[in-house]
Amino acid sequence: MAPPRPPLPLIHDVMVEIFLRLPPDEPEHLFRAALVCKPWLRILCDPGFLRRYRAFHGAPPLLGLLHRLKVMQGDPEPRLTPTTAAPLSPYPDRGRSRALDCRHGRVLLHVGADCWHFVVWDPVTGDEHRLEEPGIPWLIYSGAVLCAVPGCDHLDCHGGPFRVVFVVTDDHEELVKATVYSSETGAWSSPVTLDSGCESYAKHRRDALADSGFYYIPYVQPRRGAVIGDEAYFTLRWGNAIVKYDWGNNSISLINPPTQHVYHVALMVMEDSSLGFACVQDSSLYLWSRKVNSEQTAEWVQCRSIELEEIIPVIRPDDKPLVVGCAEGMDAIFVSTGAGLFTIRLHSKLVKKVEGSGVYFSVLPYMSFYTPDHGRLLSLGGLTDL
């Protein structure tokens, strides 16, 4: 039997243009198309097409959600809630675990089985990497995981070197410390401390003591941070002061927030790669960006406000919307009310419910492209004989 003839160039080009426009947040369409015939399978598994597909859509789609609670609220159920039909690998069964971050196709877990350690997990490939703690006695903490491939556009981060940033309130010294792990060296950097030698921290500590009248401990908020270049940002309690850790220089400093009198905030990366700050005040969503002015001094600039009363459903009159996270690159903010968890597209103001009612403090969005390859098609019973 003669081998099938390849598709005509025009038909091939037309099909490529059609496939490019299939929505990445509905990956099942790509897989169904790949199972139709071998010519379509060749197109959809071609590395060149996949690069074009990711570049065409820009930001990876939202495939699932994890979240963290306040320390006093305990740990949520250890699971990754899917937001698409992509068959992600199951959540690692390690007993007690806390999700700290989702970024660049990876999930950072703090696991308490046997002894506390970290697991970096890829829900698309199922790969897991275990790493030991850096030896800081922790009280409360946050962290970030990120791709360490030079020049990567972070549209398809699976495998390769990674880093883990750990920012923690030391349980013995009650000081904020930070360190970074490199998968290439297999080691943590020397911890650096934010202490009274930092002038802005000393002022923040005095102000917090004056406002509260209690002994002040700089608790690192268990929220998802923001990563810009070689810098990671996290918030402290009492006024949402922002810790900046520069792992390239192994230095740590404090940044005053644009406003202090809010309880739920989200740090984010703005479109111009500046640090952003989102919160709700008086039923309006406010966004600030930290800009460098003409005098080369960084200052906060309010760049957007969105009235929420008419677009976010509430159950009771006293049910206040709360900012609990953002999806970088998707132009989306997560807002929680008694009616559920919602995303708000900042430009279009389009609102979508992504999860039911519950207690949310920091939402961790898992974002990645889920596209056909031979291994996934084989696992789904598809055609693999090219």
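Analysis parameters
Residues numbered from 1 in each chain as written. Predicted model: local features only at pLDDT ≥ 70, side-chain atom pairs only at ≥ 80, totals over all residues. Heavy atoms only, no water. Disulfide = S-S within 2.5 Å. Helix = DSSP H or I, 4+ residues; strand = E, 2+ residues; numbered from the N terminus. Buried < 20%, exposed > 50% of the residue type's maximum accessible area, 1.4 Å probe, protein only. Contact = heavy atoms within 4.5 Å. pLDDT = per-residue confidence, 0-100. Salt bridge = Lys/Arg side-chain N within 4 Å of Asp/Glu carboxyl O. Pairing = 2+ DSSP bridges.

1. Quick word on the state of the cysteines
Thinking step 1. With the rule as written, the count across this model stands at zero disulfides.
Thinking step 2. The closest cysteine sulfur to the non-disulfide-bonded Cys147 is located on Cys157, 3.9 Å from its own sulfur.

2. Re the environment of Leu364
Thinking step 1. Residue position: Leu364 is located in strand S24 (residues 362-367).
Thinking step 2. Residue classification places Leu364 among the buried residues on the basis of a relative accessible area of 0%.
Thinking step 3. Between the C-alpha atoms of Leu364 and Arg224, which are 140 residues apart in sequence, the distance is 6.7 Å.
Thinking step 4. Setting aside anything within four residues of it in sequence, one finds Leu364 in contact with Gly64, Leu65, Leu66, His67, Arg68, Ala99, Leu100, Asp101, Cys102 and Arg224.

3. Brief notes about the confidence of the model for the protein
Thinking step 1. Of all residues in the protein, 89% attain a pLDDT of 70 or more, and the chain-wide mean is 87.
Thinking step 2. Per-residue pLDDT stays below 50 along residues 382-386; that stretch engages in 15 contacts with residues further than four places along the chain or on separate chains.

4. Section: the pattern of salt bridges
One side chain can pair with another of opposite charge once the charged atoms of both are near each other.
Thinking step 1. Overall, the coordinates contain 15 salt bridges when judged by the stated rule.
Thinking step 2. Of the charged contacts in the structure, one is a salt bridge between Asp101 and Arg103, with a shortest N-O distance of 3.0 Å. Neither Asp101 nor Arg103 differs from the other in exposure class; each is buried.
Thinking step 3. Linked through salt bridges whose partners overlap, the residues forming this network are Asp101, Arg103, Arg224 and Glu328.

5. Focus on the pairing of S24
Thinking step 1. Burial runs high along S24: six of the six residues are buried.
Thinking step 2. Judged by which residues are buried, S24 turns out to be covered on both faces: Ser362, Leu364 and Tyr366 on one side and Val363, Pro365 and Met367 on the other are all buried.
Thinking step 3. Of the strand pairs in this sheet, strand S1 (residues 62-68) and S24 are connected by six bridges, and their pairing is antiparallel. Paired with Leu66 across the bridge in S24 is Leu364.

6. A word on unusual backbone geometry
Glycine aside, negative phi is the norm for most residues, and most peptide bonds take the trans geometry.
Thinking step 1. Of note in this structure, Asn250 is not a glycine but carries a positive phi near 50°.
Thinking step 2. Considering the arrangement of structural elements, one finds Asn250 in the loop between strand S14 (242-246) and strand S15 (251-255).
Thinking step 3. Assessed through its relative accessible area of 29%, Asn250 is described here as partly exposed.
Thinking step 4. Look at Lys349: it is not a glycine, yet its phi comes out positive at around 65°.
Thinking step 5. Note that Lys349 resides in the loop between strand S22 (340-345) and strand S23 (351-355).
Thinking step 6. Residue classification places Lys349 among the partly exposed positions, given a relative accessible area of 44%.

7. Quick word on the pairing of strand S21 (residues 332-337)
Thinking step 1. Taking burial as the measure, the six residues of S21 include six buried ones, the bulk of the element.
Thinking step 2. The alternating pattern of S21 places Ala332, Phe334 and Ser336 on one face and Ile333, Val335 and Thr337 on the opposite face, and all of these are buried.
Thinking step 3. Across six bridges, the pairing between S21 and S22 is antiparallel. Looking at the pairing, Phe334 lines up with Thr343 of S22.
Thinking step 4. Hairpin remark: S21 followed by S22, antiparallel, with two residues in the connecting loop.

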